[in-house]
There are 2 protein chains.
Amino acid sequence: MIDVALVPAELPENHQLADQAVLVIDVLRATSTIVTALAAGATSVVPVSDPAEARKLAEALGDGIVMAGERGGLPLPGFDLGNSPLEYTSEKVQGKVVVLSTTNGTVALQRVQTAEKVGTAAFLNAAAAADWAVQALNEGLRLLLVCAGTVRRFSWEDTCLAGLLTCLIQERQEGVTCSDGAVAAVRLWKGFNDANEVFMLSRHGKRLKELGFGADLTYCARTSVINAVPELHNARLMFAERIS
Amino acid sequence: MIDVALVPAELPENHQLADQAVLVIDVLRATSTIVTALAAGATSVVPVSDPAEARKLAEALGDGIVMAGERGGLPLPGFDLGNSPLEYTSEKVQGKVVVLSTTNGTVALQRVQTAEKVGTAAFLNAAAAADWAVQALNEGLRLLLVCAGTVRRFSWEDTCLAGLLTCLIQERQEGVTCSDGAVAAVRLWKGFNDANEVFMLSRHGKRLKELGFGADLTYCARTSVINAVPELHNARLMFAERIS
């Protein structure tokens, strides 16, 4: 069974997800940034909900920390990096722990922390995320894709990626059933040719373009170019193969 | 501006809606039942969130009350009527106040009570609801369509009616803009030929059919056959023209 929550608030705050594998989706830009940071050599990404928590955690962790994050799409004063994935180069993050404060993605990650497994998906790692999902289904887990949305509300880009992932999972695993939300996500995704078209229609995509982040949109629309899935372990996101 | 909330939880609980007109949508079956009860001559429908509240209110109001409602699609023991709109005949409700306890519709109505105007929409009164919405836009209000959903989750039937209403409003009022949620609702609705097809795909529609409510589905799919909009005033729903 593939289920899709179009916004995190479809799940009650104390929702029990013990037998579920969850993929959190925040395409613009948290989950695109997370997978890019890890691909560039960051050892882990620690998602936090606000800048104050980020500062406190960075103090506790000491050296080797990169402070990163945004509020309303804009970088935070005094932080090393914003939430533009293009900033996350090897020179900046290789061997470092990235403490990432974001508007929507962190809220979604917190709401699903009781799940058996939590990973993150972006267009960038779509095929790997579909493989991860199929493996979870084969382990007997139910699958839930959670769209982070934009400030509680529906977002095109997250829903469309949920639709693409549902299609990719169905290609890999015959006979898997879909919830109403998953079928809706597939139908919405099939109205587009690619992620670029989705971003052009999306309110959040348009806003990022106005703010000067057009290059981010082009980058985040690249599909299945990173072959790994960030997984949540002890409140840190790491690539599965690096977890010992 | 037409905005659509695909589930009530897209709106924070204390959301301020002072400059907004809201149409609440719970096609299967609360808003279909409400408009049917009023069309059959009920003086008003009082939505309540649970059976205990319904019993308390009925005692306070005394004579001329019809107790009605459901939980999980099934009638409540000791109540006069369930939530099947076909039960709401003139013999049963003419001149009466209906106290209605439902699973999803009441939650949505409670979440929007700070709005300037609140009405309810079903396929049954779609054209009238679109007229009501256009009048609200002409009064300078913003328009919000709230899908009640099924136990917090996305539902096809509510989202598709939101899509139909958005189309009808755009036909009546050129140049009105749409939120991302409204555009998504339109795209989803355009994937169907009529409400019957929507109910056949919907999990909640299928469940009602299994429970023996097939005739309700056929009835609730009838479109624009009641030319009036229930409006919320002092916690009661009444047809606008009857409000003095």
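The coordinates are above.
A brief structural summary.

**Let's talk about the environment of Asp158(B)**
Residues and elements named next belong to chain B.
Then, in step 1: In this fold, Asp158 is placed in helix H6 (residues 156-172).
Then, in step 2: Separated by 152 residues in sequence, Asp158 and Leu6 place their C-alpha atoms 8.0 Å apart.
Then, in step 3: Apart from the residues within four sequence positions on either side, Asp158 is in contact with Ile25, Asp26, Val27, Leu28, Cys147, Ala148 and Gly149.
Then, in step 4: From its side chain, Asp158 meets the backbone nitrogen of Gly149 in a polar contact 2.9 Å long.

**Considering the packing of helix H7 (residues 180-189) of chain A against helix H7 (residues 180-189) of chain B**
Then, in step 1: Orientation of H7(A) relative to H7(B), taken along the N-to-C sense of each, is 95°, at an axis distance of 10 Å. The orientation of H7(A) relative to H7(B) falls into the category roughly perpendicular. For the pair H7(A) and H7(B), contact is made by Ala184(A), Arg187(A) and Leu188(A) and by Ala184(B), Arg187(B) and Leu188(B), respectively.
Then, in step 2: Across the contact of H7(A) with H7(B), the residue classes tally to four nonpolar, no polar and two charged.

**Thoughts on the pairing of strand E3 (residues 44-48) of chain A**
Then, in step 1: Of all five residues making up E3(A), five are buried, and the element is well covered by its neighbours.
Then, in step 2: Neither face of E3(A) is left uncovered, since the one carrying Ser44(A), Val46(A) and Val48(A) and the one carrying Val45(A) and Pro47(A) both have all their residues buried.

**What about the packing of aromatic side chains?**
Given two aromatic rings, one states the distance between the centres and the angle between the planes to describe the pair.
Then, in step 1: Within this structure, the stated rule accounts for eight aromatic pairs over all chains.
Then, in step 2: Considering the side-chain rings of Phe123(B) and Phe199(B), the 6.1 Å spacing of their centres and the 80° angle between planes classify their relative orientation as edge-to-face. Here Phe123(B) is found in the loop between strand E7 (117-121) and helix H5 (126-138), whereas its partner Phe199(B) is found in helix H8 (residues 195-201), with 76 residues between them in sequence.
Then, in step 3: Between Trp156(B) and Phe192(B) the ring centres are 5.5 Å apart and the planes differ by 75°, which places this aromatic pair in the edge-to-face class. Within this pair, whereas Trp156(B) is found in helix H6, its partner Phe192(B) is found in the loop between H7 and H8, the two being separated by 36 residues in sequence.
Then, in step 4: Residue Phe192(B) is classed as buried on the basis of its relative accessible area of 10%.
Then, in step 5: In textbook terms, an aromatic cluster arises when at least three aromatic residues are bridged by ring pairs, as seen for Phe123(A), Trp189(A) and Phe199(A).
Then, in step 6: Lys117(A) extends its terminal NZ or CZ atom over the ring of Trp132(A), reaching a point 5.6 Å from the ring centre.
Then, in step 7: The ring of Phe213(B) carries Arg29(B) above its face, with NZ or CZ at 4.3 Å from the centroid.

Cut-offs applied
Along each chain, residues carry numbers from 1 onward, in the same order as the chain's sequence is written. Whichever chain is written first is A, and whichever ligand is written first is 1; the rest continue in order. A pLDDT threshold of at least 70 governs which residues receive local features in this predicted model, and a stricter bar of 80 or more applies before side-chain atom pairs are shown or counted, although totals over entire chains, interfaces and linings include all residues. Only heavy atoms go into the side-chain values, all of them from the structure, while hydrogens and water stay out. Numbering of helices and strands runs from the N terminus, with a helix taken as a DSSP run of H or I at least four residues long and a strand as a DSSP run of E at least two residues long. Note on contacts: a residue pair qualifies if any of its non-hydrogen atoms lie within 4.5 Å across the two residues. Distance and chemistry together define a polar contact, namely a pair of N or O atoms within 3.5 Å, with one atom able to donate a hydrogen and the other to accept it when in protein, and with adjacent residues in sequence counting only for side-chain atoms on both sides. To get an axis, fit a line to the C-alpha atoms, keeping to the stretch in contact for a helix; angles then go from 0 to 180 degrees between the N-to-C directions. The scheme is simple: roughly parallel for angles under 35 degrees, roughly antiparallel for over 145, roughly perpendicular for 65 to 115, oblique for anything else. All residues other than Ala, Val, Leu, Ile, Met, Phe, Trp, Tyr, Cys, Pro, Asp, Glu, Lys and Arg, Gly among them, are scored as polar; the first ten of these are nonpolar and the last four charged. Residue burial is assigned from relative accessible area. The probe radius is 1.4 Å, only protein chains are included, and a residue is buried under 20% of its type maximum, exposed over 50%, and partly exposed in between. In this scheme Phe, Tyr and Trp rings, the latter by its six-membered ring, pair at centre separations within 6.5 Å, and the angle between planes marks the pair as stacked below 30 degrees, edge-to-face above 60, and tilted otherwise. Charge-over-ring contacts are defined here by two conditions on Lys NZ or Arg CZ: a distance within 6 Å of the ring centre and an angle within 35 degrees of the ring normal.

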